[in-house]
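# Coordinates in review
The lines below spell out each chain.
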Amino acid sequence: MFSQLRTAIVAVIVLTVLTGVIYPLAVTGIAQLLFPKQANGSLLEEDGKLVGSKLIGQAFDDPKYFWSRPSATGSTPYDGTASGGSNLGPTNEELVNKVKERIEKLKQADPNNDRPVPVDLVTASGSGLDPHISPAAAEYQVERVARERKLDSDQVRKLVAEHTEERTFGLLGEPRVNVLELNRGLDKLK
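Since the model is a prediction, treat every value here as computed from it, not as a measurement. (Residues numbered from 1 in each chain as written. Predicted model: local features only at pLDDT ≥ 70, side-chain atom pairs only at ≥ 80, totals over all residues. Heavy atoms only, no water.)

## Thoughts on the overall build of the protein
When helices and strands are counted, the protein shows six helices and five strands. When its helices and strands are written in sequence order, the protein yields α-α-β-β-α-β-α-α-β-β-α. Taken against the 2.2 N^0.38 rule, which gives 16 Å for 190 residues, the C-alpha radius of gyration of the protein at 22 Å runs more than 25% over that of a compact globule. Principal-axis analysis of the C-alpha atoms places the extent of the protein at approximately 80 × 45 × 35 Å. Looking at the protein as a whole, 31% of its 190 residues are labelled buried. Put simply, 55% of the contacts in the protein that link residues at least 6 apart link residues at least 24 apart. Of the roughly 12100 Å² that the protein leaves accessible, carbon and sulfur atoms contribute 60%. Averaging the coordinates of the 23 positive side-chain charges in the protein and doing the same for the 25 negative ones gives two points 3 Å apart. (Helix = DSSP H or I, 4+ residues; strand = E, 2+ residues; numbered from the N terminus. Rg over C-alpha atoms; globule rule 2.2 N^0.38 Å. Buried < 20%, exposed > 50% of the residue type's maximum accessible area, 1.4 Å probe, protein only. Contact = heavy atoms within 4.5 Å. Areas by Shrake-Rupley, 256 points an atom, 1.4 Å probe, with all protein chains shown as cover. Lys, Arg positive; Asp, Glu negative; His and termini not counted. Charge placed at Lys NZ, Arg CZ, Asp CG, Glu CD.)

## Quick word on the sheet that holds strand 4 (residues 164-165)
The three strands are arranged 3-5-4 in an open sheet whose pairing can be described as antiparallel. Two strands close off the open sheet at either side, each with one partner strand: strand 3 (132-133) and strand 4. As judged from the two bridges shared by strand 3 and strand 5 (residues 176-178), these two strands associate in the antiparallel manner. Paired with histidine 132 across the bridge in strand 5 is asparagine 178. (Pairing = 2+ DSSP bridges.)

Structure (structure tokens):
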């Protein structure tokens, strides 16, 4: 019995060191070597100052900026420690009311816009952290942003096209626009 116990203890120690120390260090080292920007969170800096991550959405509510998808991370929008959807079904009254409120906010910001509101502007993603909107959601906001910034709408539309990412490898996912990068591009327009 003592030999079996000793074998079990040695196995636990060896596997703990192997899978809990050596493997994570090896994977982290390879990631840092081959993909340093991604391994460190795809952080975006401007003038040496951190402005956000390419992977986590941010709240924009100023009419002169493109607005992100709503966040479902609780009281603090886009909180990476509280990632998760709302888990509210399409017939849930709370979700229906939230969607109505979000549509009303969009209509108040752009009362002349009578186009249908894209669903990604009024519903959160599964993680509640999505930094992207659809090209249709960006197009829905072009006129408002152009008017607020006193820019030509074609100039803003061209900027949206420049920031539209196509499907990954040409077949995975949908075309998308990173809101933070698009708004940074807007700020660079003079």
